Amino acid sequence: MDAEASSFETSEMMETFLASTPLLKEAWRLCSAANAMGSGAFVVEQVGGVGYVAFSGVQEMPVLGWDPSCTMLAPLDAAGHGLFAALTRRYEGEEPVMVHSGVLHRFLHYHSRNDLQSQIDSLLDKTKSIVITGHSIGGSVAFLIALSLLSFLKSIFPPAVLCIGFGSPFLGNESLSRAILRERWANSFCNVVATHDILPRLSLDQSLIQTPHWKALIRFWYTFMMSPNSMNLTDFQLTEEDKAWLFSFAAANMEHLAQAGEGSRWRSFWPLGNYLFCSEEGMIFLDNVVLVKKMMHLMLRTSSPSCVIEEHLKYGWYVERLSLQSLGRRFIEGHLSESSYEASLSMALNSLGTSQQVLIALMAKDCLKMARQKERHPNLNAAYLATKLSKIAPYRAEIQWYKACCDNSDKQRGYYDSFKQMGASKRESHINKNRIMLKAFWDGVVSMMDRNKLPLNFHKSLEWVIEESQLYKLLVEPLDIAEYYRLGMHMKKGHYISNGRERRYEIFNQWWTERVVIEKLGNRRTKYASLTQDTCFWARVEEAKEWLDKIKSESNPNNLAFLQDRLNEFEAYAMKLFDGKEASADVLAKNSSFSLWLKEWRALKSQIYPLIELALPD
C-alpha cells in the first residue's frame, strides 16, 4: 500500500464496514422509534450481542438561563457534575472544554432519570458492546451520554462504546475535540451527515434560534419526526425568502468555521470524532476535523435553499442506500486511473457529490491532497519516532553518567541536590540541555498521540515505548523537580505535584500501571533500586521541608498536631520505600536534603510531643 493512498483506503474500509453491518440500520430504526414517541423520549433495546440506546430528535431546549454570549457555550467542568473528569482535566495553557449549554441541560435531565440509568446498567451486564445514537439534537445529547459512559468505563475495563449521530448540530468547542483525541475516543463517534443538511452545519446560537425562520422550521421538523406518515412536505408553508435566509445563515456559519484555524477561537463550535458524509452518489468517511470543516463548507456550496426542509428528514433513505452505494461507485473519468491515489481521489469526490461541479470538485480535490501531504501514516510515524529515539539516546546516557558521578561524589549530596544546587557549573548546565532535549522528544510523542498521529495501541504494541518512557520518567523527573524548586516556581504556582507536574508524566504513569496490571509484574525487590520508583519523591521532600519550617514557629496546638501528623505520615511513607527497596541509595546520602530533613525532624519531634499532649484537651 503506498503511503499517499493509505488514508483513502482506510476510509473505504470504514465505509464498507458500516455498510455491511446492521449498525446504522438498527441505530436509525431505533432513532425513528424514539422520534415517534415525542419530546425527551428514548428507546433501549438489545439486538444480538449489541445494546442500543436511542434518543429522540424532538427535544425541548431551555431558553431561560442560557449563556447570554453569542455562542451559548458552557464550561463542561462547571456544570458536568464531575461526570467528565478525563475531559475536563486542564493542563497549563489549555482552554476549558465547553459544550452547548442547551444540550448539556438536556443531558443532565436524562442523567437524573433512574429508569434510563438502570436500563443502561442492564445492557452493560448483558452485552459486550453498546451503541448510543440519536437524530438531530438527540444525536448531540447521545454524544454527551456516550462521553459520560466512556469516562465511567475507563476506570473499569476498556469500553466498547460507539456513538452514532444522524444530522446532529455541533456540540462543543475545539478543546472538546482535542480532549476526545487525547483520550483516544475519536473512533467511538460517528457523525452521519447528509450532503445538503443544514443542521449539522449550524451553531445553535441566539442569532438563529430566536428568529421566526428557525422556529417555523424546527416546529415542522419535530411534527414530521413524530408523525412521518401523516404529513406532506407540501403542507409546510415556508417562503422561498425564509429558505434562502436559513441557507445563507448555514453557509455563512460554515465559511466562518472553515476559515478559522486550530486554536484561533476556543469559544466557537468545532467538529468532533469521525464523519460519514452521504450523498445520492455515495458516501465518504473522514476523520480529520480540519478537513471535515472544509468539506462541510464545500459540499453545502453544491446545494440550494430548496433542500433546507427535506434533507434533514431523509436519513432513513440514505441508510437504506448505503450498501448499494458501496457496490455501485462511479468514477469521474469513467475508468480506473493508473494511480491508486488518483483513483481514490476520484472515488472520494464522486461520493461527495461534487464531481459534476468543476470548480467545487477542484477545490475539494485540492483540499484532500493538502490533507494527505500534511499527514504521515501512523505506523510510519511510530517508525520515525523509534529512529529519532536512537539519535537522542546519548543525551539520556550522559544523564545516567551524571547520576553515577553524583552518587560517588565526596560531597555526598546525591543526584537531586547536586543538580538543584548546580549554580554556574558547566557540567550541570550541559546536563540541563540534555534534559530539555529529552523533554522535547517525549512532548512530541504525547502531542502526536493527542492528534491521532500514532497507532491506536502505540504504547501497548511497541515494547520500547513502555520501557523508554518509564526509564525517562525515573531518570529525568527528579531533575525537573529540582529545577522547579531551584527557580522558586513553587512560590509562584504552588507545590510541584499539584501545580507543576507535566502532563507527560501522568500519561507515562498510566502506561506503566496498565502494564503492571496486565502482565502482573511483581514489585518485590532484593536490592535498592538504581532510580527511586516514586519519581515525585523529591517533591514530597520539599513539601515536608516546608511543614518542618512551619511547625518550628507554630504555637496553636491544633495546627501543631496537624503538621505533626503530616510529617509522621511522610516519614512512614519514606520508610516504606526503603523497606521495599524502591528508593535509590543516593536518597540516604549524608548531605541529601532528605537525610538532613529526617535528622532535623526526629530531633524536633521529641520536643514537640509533650507540648501537644499538654495543650490538647483529653
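First things first, this report covers the structure right here in the doc. (Residues numbered from 1 in each chain as written. Predicted model: local features only at pLDDT ≥ 70, side-chain atom pairs only at ≥ 80, totals over all residues. Heavy atoms only, no water.)

### Points about the overall build of the chain
Here is step 1 of the chain: Helix and strand counts for the chain come out as 26 helices and nine strands.
Here is step 2 of the chain: Classification of the 618 residues of the chain by burial places 54% in the buried group.
Here is step 3 of the chain: Sequence separation of at least 24 residues holds for 76% of the intrachain contacts in the chain that already meet a minimum separation of 6.
Here is step 4 of the chain: Working note: accessible area of the chain is about 28300 Å², and carbon and sulfur atoms make up 54% of it. (Helix = DSSP H or I, 4+ residues; strand = E, 2+ residues; numbered from the N terminus. Buried < 20%, exposed > 50% of the residue type's maximum accessible area, 1.4 Å probe, protein only. Contact = heavy atoms within 4.5 Å. Areas by Shrake-Rupley, 256 points an atom, 1.4 Å probe, with all protein chains shown as cover.)

### With respect to the packing of helix 16 (residues 378-407) against helix 20 (residues 463-486)
Here is step 1 of the chain: In the contact formed by helix 16 and helix 20, the axes pass within 12 Å of each other and the chain directions differ by 35°. When you trace helix 16 past helix 20, the crossing you get is left-handed. Contact residues: helix 16 offers Ala 382, Leu 385, Ala 386, Leu 389, Arg 396, Ile 399 and Gln 400, while helix 20 offers Trp 464, Glu 468, Leu 471, Leu 475, Val 476 and Leu 479. (Axes fitted to C-alpha atoms, helices over the stretch in contact; angles between N-to-C directions. Left-handed = near helix turned anticlockwise from the far one by under 90°.)

### Some points on helix 10 (residues 212-226)
Here is step 1 of the chain: Between its first and last C-alpha, helix 10 extends 21 Å over 15 residues, near the 21 Å set by a 1.5 Å rise per residue.
Here is step 2 of the chain: Burial in helix 10 covers these residues: His 213, Trp 214, Ala 216, Leu 217, Ile 218, Phe 220, Trp 221, Tyr 222, Phe 224 and Met 225.
Here is step 3 of the chain: Considering only its buried residues, helix 10 is in contact with helix 2 (23-36), strand 5 (129-135), helix 7 (137-154), helix 9 (206-209) and helix 11 (240-259). (Expected span 1.5 Å × (residues − 1).)

### A look at the pairing of strand 7 (residues 189-194)
Here is step 1 of the chain: In terms of residue burial, strand 7 counts as a mostly covered element, since six of its six residues are buried.
Here is step 2 of the chain: The side-chain alternation of strand 7 yields two buried faces, one formed by Phe 189, Asn 191 and Val 193 and the other by Cys 190, Val 192 and Ala 194.
Here is step 3 of the chain: Sheet analysis places strand 6 (residues 161-166) next to strand 7, joined by four bridges and oriented parallel. Opposite Phe 166, over in strand 7, you have Val 192 as the bridge partner.
Here is step 4 of the chain: As paired elements, strand 7 and strand 8 (residues 274-278) share five bridges and run parallel to each other. When the bridges of strand 8 are listed, Asn 191 appears paired with Tyr 275. (Pairing = 2+ DSSP bridges.)

### Quick look at the packing of aromatic side chains
Here is step 1 of the chain: One pass over the full model with this rule turns up 33 aromatic pairs.
Here is step 2 of the chain: Between Phe 42 and Tyr 110 the ring centres are 6.5 Å apart and the planes differ by 80°, which places this aromatic pair in the edge-to-face class. In this pair, Phe 42 is assigned in strand 1 (residues 42-47) and Tyr 110 in helix 5 (residues 101-111), connecting sequence segments 68 residues apart.
Here is step 3 of the chain: Here Phe 42 falls in the buried class, since its relative accessible area comes to 10%.
Here is step 4 of the chain: Between Tyr 472 and Phe 508, the aromatic rings sit 6.2 Å apart at their centres with planes inclined by 80°, giving edge-to-face as the arrangement. Taken together, the residues Tyr 472 in helix 20 and Phe 508 in helix 23 (residues 503-519) connect sequence positions 36 residues apart. Neither residue differs from the other here; Tyr 472 and Phe 508 are each classed as buried.
Here is step 5 of the chain: Following the ring pairs from residue to residue traces out a cluster consisting of Tyr 416, Phe 537, Trp 538, Phe 570, Phe 578, Phe 594 and Trp 597. (Phe/Tyr/Trp six-rings, centres within 6.5 Å; stacked < 30°, edge-to-face > 60°.)

### Concerning the pattern of salt bridges
Here is step 1 of the chain: In the structure shown here, the tally under the stated rule is 24 salt bridges.
Here is step 2 of the chain: For the salt bridge of Glu 311 with Lys 314, the shortest nitrogen-to-oxygen distance reads 3.8 Å.
Here is step 3 of the chain: Residue Asp 480 pairs with Arg 504 through a salt bridge whose shortest N-O separation is 3.2 Å. Placement of the pair is Asp 480 in helix 20 and Arg 504 in helix 23, with a sequence separation of 24 residues. Each member of the pair, Asp 480 as well as Arg 504, carries the same accessibility label: buried.
Here is step 4 of the chain: Sharing partners across several salt bridges, the network here consists of Arg 435, Lys 439, Asp 443, Asp 480, Glu 502 and Arg 504. (Salt bridge = Lys/Arg side-chain N within 4 Å of Asp/Glu carboxyl O.)

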